[in-house]
Amino acid sequence: MPMPAWLLDPLAYTFMQRGLLAAVLVGIVCALVGTFVVLRGMAFLGDALPHAILPGVAAGYLLGGGARGPVLWGSLVAAVFTALGIGALTRGARIKEDSAIGIFFAGMFALGIALISSIRSYAVDLTHFLFGNVLGVTASDLWLIGGLGALVTLTLLAFYKEFMVLSFDTRLAATLRLPTNLLENMLLVLIALTIVIALQTVGIALMVAMLVTPAATASLLTHRLHWMMTVAAGVAAFSGVAGLYLSFYASIASGAAIVLVCTACFLLAWAFQAGRARRQAAG
Amino acid sequence: MSLLERFRSLAHPGAEHVEDAPFVRLRGVRANYNGVVALEDIDFELHGGEQVAVVGPNGAGKSTLFKVIAGIHPPSRGTAQMRGSDPRGHICIAYLPQRNEVDWRFPVTVQDVVMMGRVSKLGLFRRPKAKEWAIVRECLALVNLGDLAGRQISELSGGQQQRMFIAQALAQEAELLMMDEPLNGLDAPSQDEVFKILETLKQRGVTVLVAMHDLGLAARRFDRVLLLNRRLVGFGRPPDVFTEDHLRAAYGGHLQMVETPEGTLVLNDTCCDDDPAHAH
């Protein structure tokens, strides 16, 4: 069966091919990491952390004169630093976790905006960082997404059962003598790396949706962790593709389109789940 | 500890058990919790295989005592040892969560939760194979949950949830099992089920500590009781521990003794005022 023209036409453009590949890869990595973000109730961190890397992005931009490499390294350093910083601050227990995240998040974001506002044409560039531009992905970006994404995915799979125990019952992890602090820090670093590779796709402002929405959708439909991760990855990959087609035909921002499809998937799953619960209650 | 060592510790061998050392021994233990002294001058020994009820008013330090014994809350003074060494080296200690501390929507089945007990035995990078799942099935059969292995955990009743965690401790090959208020919110038949499984554990030589509120139940069901109120008030056979002096020392003004024609009735009104499962 030949594919309809409306599916094939966009593929004639290199930027669409790259964009689709990037959206699918980033979506899958975000969904896998996001499963643990959802299960551990870290959605606020998932929103805060992307914002907190802005000064890294800005510093890289300023130092590198707009080149891609320094921006990337800047965001990487800022992401890991902030993730571990929030981890250390909340373990001190003198400040509540959400307050610690809020303080770090707003302070770092403000520093980022201050740095960017010192660049003359800042309005345009800020929008780019805030909302991403998956259609501007280059071949070297794809290599980076693939490499870091593989690293994150393999680490998650290698420590799958340890992360599962840690997320389900921290005290069990402690009595089984798993290194809980190390595992928690590893998870934070994995989230930080994921944010760096997703920066180009959905940008800072919508990143939390990529981390939370596919995983939350999957949690409504599944009862085992590996299925939750599989379904979340599927939802994210589908949203990436459908979102880019939506963006292509409706001429709307690519990141926003991806997140809108994600949200629609969640609402469908929610309605399905609510309907099933009602049927069970009735019969 | 170097990073490499920390990674290796993901596959934990468990500390050696020293012959003739007391099963659990606390010496002059003081422990702080949220900046307040929760335990003071705690001295006692547990024998291997015995089952002890730990009783005392809310805030008596029962949970802190369990954490000290489990090696997840080091004492600020004194020492805690299991079989002659620091409990932090042992992987045979199970400390079951209270049911209200568990996220029951977590995407795991009953057998997944029991398998978690095998994680330190399995070691790093290893997935459970047929042999491990056979152990899990065996543990589930011991607590009469064989039929529910594939259920998502929220589908279980309160008593079944409690038994699932006991099966997890069995899968862990725990030699010391601590349970925090396992009977809270369970109806009488479910409580009986839990006691039936405690009997099985006794036959297998597992040492059990149960924190509970109901003094009568503790006296009827346990050979030894430990009465705690920050300090250790009494430890021994129930008639020797539940004396008027001891109970007054532990419960203070919250305790009322009513003389009735049948004997002394002890009313303890500290119980459960923050626990809706026990609202009267």
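Now for a look at the structure at hand. (Residues numbered from 1 in each chain as written. Chains lettered and ligands numbered in written order. Predicted model: local features only at pLDDT ≥ 70, side-chain atom pairs only at ≥ 80, totals over all residues. Heavy atoms only, no water.)

### Some remarks on the packing of helix α3 (residues 43-52) of chain A against helix α6 (residues 97-117) of chain A
All names here are of chain A.
Turning to step 1, where the next piece is worked out: Axis separation between α3 and α6 bottoms out at 8 Å; the angle between their running directions is 25 degrees. When the axes of α3 and α6 are compared, the pair comes out roughly parallel. Between α3 and α6 lies a crossing of left-handed hand. Across from Phe44, Leu45, Ala48, His51 and Ala52 in α3, the residues of α6 making contact are Asp98, Ile101, Gly102, Phe105, Met108 and Phe109.
Turning to step 2, where the next piece is worked out: Considered class by class, the residues forming the contact of α3 with α6 number eight nonpolar, two polar and one charged. (Axes fitted to C-alpha atoms, helices over the stretch in contact; angles between N-to-C directions. Helix = DSSP H or I, 4+ residues; strand = E, 2+ residues; numbered from the N terminus. Parallel < 35°, antiparallel > 145°, perpendicular 65-115°, else oblique. Left-handed = near helix turned anticlockwise from the far one by under 90°. Contact = heavy atoms within 4.5 Å. Nonpolar A, V, L, I, M, F, W, Y, C, P; charged D, E, K, R; others polar.)

### What to know about the nonpolar core
Turning to step 1, where the next piece is worked out: Counting residues in each nonpolar core, the largest one holds 145 residues, and the members touching the most others are Leu156(A), Phe163(A), Phe168(A), Met164(B), Leu177(B) and Met212(B).
Turning to step 2, where the next piece is worked out: Ignoring anything within four residues of it in the chain, the contact list for Leu156(A) reads Leu32(A), Val33(A), Phe36(A), Phe163(A), Leu187(A), Leu190(A) and Met229(A).
Turning to step 3, where the next piece is worked out: If you look at the next biggest cluster of nonpolar residues, it comprises 27 residues, including Leu65(B), Phe66(B), Ile93(B) and Leu176(B). (Core = buried A, V, L, I, M, F, W, Y, C linked by side-chain atoms within 4.5 Å. Buried < 20%, exposed > 50% of the residue type's maximum accessible area, 1.4 Å probe, protein only.)

### Describing the packing of aromatic side chains
Turning to step 1, where the next piece is worked out: Per the stated rule, a full pass over the model turns up 15 aromatic pairs over all chains.
Turning to step 2, where the next piece is worked out: Aromatic pair Trp104(B) and Phe165(B): ring centres 6.0 Å apart, planes at 65 degrees, arrangement edge-to-face. Highlighted residues: Trp104(B) in the loop between β5 (93-96) and α3 (110-116) and Phe165(B) in helix α6 (residues 158-171), separated in sequence by 61 residues.
Turning to step 3, where the next piece is worked out: Residue classification places Trp104(B) among the buried positions, given a relative accessible area of 16%.
Turning to step 4, where the next piece is worked out: Members of the aromatic cluster, each reached through a chain of ring pairs, are Tyr13(A), Phe15(A), Phe248(A) and Tyr249(A).
Turning to step 5, where the next piece is worked out: We note Arg171(A) situated over the ring of Tyr95(B); from NZ or CZ to the ring centre the distance is 3.6 Å.
Turning to step 6, where the next piece is worked out: Directly above the aromatic system of Phe195(B) lies the positively charged group of Arg221(B), at a separation of 4.2 Å from the ring centroid. (Phe/Tyr/Trp six-rings, centres within 6.5 Å; stacked < 30°, edge-to-face > 60°. Lys NZ or Arg CZ within 6 Å of the ring centre and 35° of its normal.)

### Examining the pairing of strand β8 (residues 224-229) of chain B
All names here are of chain B.
Turning to step 1, where the next piece is worked out: The element β8 is extensively covered by neighbouring structure, given that five of its six residues are classed as buried.
Turning to step 2, where the next piece is worked out: Strand direction decides the pairing type here: strand β3 (residues 51-55) and β8, joined by four bridges, are parallel. From the neighbouring strand, Val55 faces β8, where its bridge partner is Leu227.
Turning to step 3, where the next piece is worked out: Sheet topology note: the β8/strand β9 (residues 231-236) ladder contains five bridges and is antiparallel. (Pairing = 2+ DSSP bridges.)

### So, the sheet that holds strand β7 (residues 207-212) of chain B
Residue and element names in this part refer to chain B.
Turning to step 1, where the next piece is worked out: Pairing within the open sheet is mixed, and its six strands lie in the order β5-β6-β7-β3-β8-β9. The sheet is open, and its two borders are formed by β5 and β9, each paired with just one other strand. Each neighbouring strand pair of the sheet contributes to a mean axis angle of 15 degrees, computed without reference to strand direction.
Turning to step 2, where the next piece is worked out: Against the sheet, helix α2 (residues 62-70) contacts β3, β5, β6 (176-180), β7 and β8, and its axis sits at roughly 155 degrees relative to β6.

### Re the sheet that holds strand β2 (residues 36-46) of chain B
All names here are of chain B.
Turning to step 1, where the next piece is worked out: Taken together, the three strands give an open sheet; going across it, the order is β2-β1-β4, and neighbouring strands pair in antiparallel fashion. This sheet does not close on itself; its edge strands, each paired only once, are β2 and β4 (77-82). Neighbour to neighbour, the strand axes of the sheet diverge by 25 degrees on average, direction disregarded.
Turning to step 2, where the next piece is worked out: With seven bridges joining them, strand β1 (residues 24-33) and β2 adopt antiparallel strand pairing. Residue pairing for β2: Tyr33 is matched across the bridge by Val36.
Turning to step 3, where the next piece is worked out: Along the sheet face, α2 touches β1, β2 and β4 and points at about 125 degrees away from the line of β1.

### As for the pairing of β6(B)
Residue and element names in this part refer to chain B.
Turning to step 1, where the next piece is worked out: With five of five residues buried, β6 is to be regarded as a mostly interior element.
Turning to step 2, where the next piece is worked out: The alternating pattern of β6 places Leu176, Met178 and Asp180 on one face and Leu177 and Met179 on the opposite face, and all of these are buried.
Turning to step 3, where the next piece is worked out: Pairing of β5 with β6, which is carried by four bridges, proceeds in the parallel orientation. Bridging across to β6, Ile93 finds its partner in Leu176.
Turning to step 4, where the next piece is worked out: Sheet topology note: the β6/β7 ladder contains five bridges and is parallel. Residue Met178 lies in a different strand from β7, and its bridge partner there is Leu209.
Turning to step 5, where the next piece is worked out: Note on the crossover from β6 through helix α7 (residues 188-203) to β7: the handedness is right-handed. (Right-handed = clockwise from strand over helix to strand, strands pointing away.)

### A word on unusual backbone geometry
Turning to step 1, where the next piece is worked out: Unusually for a residue other than glycine, Ser251(A) sits at a positive phi of about 50 degrees.
Turning to step 2, where the next piece is worked out: Assignment of secondary structure puts Ser251(A) in the loop between α12 (225-250) and α13 (254-282).
Turning to step 3, where the next piece is worked out: For Ser251(A), a relative accessible area of 64% gives the class exposed.
Turning to step 4, where the next piece is worked out: We note that Glu173(B) has phi near 60 degrees; this positive angle belongs to a residue other than glycine.
Turning to step 5, where the next piece is worked out: Judged by its relative accessible area of 43%, Glu173(B) is partly exposed.

### Here we look at the interface of chain A and chain B
Turning to step 1, where the next piece is worked out: Taken residue by residue, the interface counts 27 residues in chain A and 45 residues in chain B.
Turning to step 2, where the next piece is worked out: Interface of chain A and chain B: buried area, both sides summed, is about 3,000 Å²; carbon and sulfur atoms make up 66% of it.
Turning to step 3, where the next piece is worked out: It is Phe168(A), Arg171(A) and Arg177(A) that lose the most area in chain A upon contact with chain B, and together they represent 28% of the buried surface on that side.
Turning to step 4, where the next piece is worked out: Inspection of the chain A/chain B interface yields two salt bridges.
Turning to step 5, where the next piece is worked out: Residue Arg171(A) pairs with Glu101(B) through a salt bridge whose shortest N-O separation is 3.6 Å.
Turning to step 6, where the next piece is worked out: Our enumeration of links across chain A and chain B arrives at eleven residue pairs in polar contact (both at pLDDT 80 or more).
Turning to step 7, where the next piece is worked out: Those elements giving two or more residues to the side of chain A that touches chain B turn out to be α8 (139-158), α9 (160-168), α10 (170-175), α11 (180-221) and α12 of chain A.
Turning to step 8, where the next piece is worked out: For the side of chain A that touches chain B, the element with the most residues is α9(A), which contributes seven residues.
Turning to step 9, where the next piece is worked out: Across the side of chain A that touches chain B, the residue classes break down as 18 nonpolar, three polar and six charged. (Buried area = accessible area lost by both parts, 1.4 Å probe. Salt bridge = Lys/Arg side-chain N within 4 Å of Asp/Glu carboxyl O. Polar contact = N/O pair within 3.5 Å; in protein donor to acceptor, adjacent residues only side chain to side chain.)

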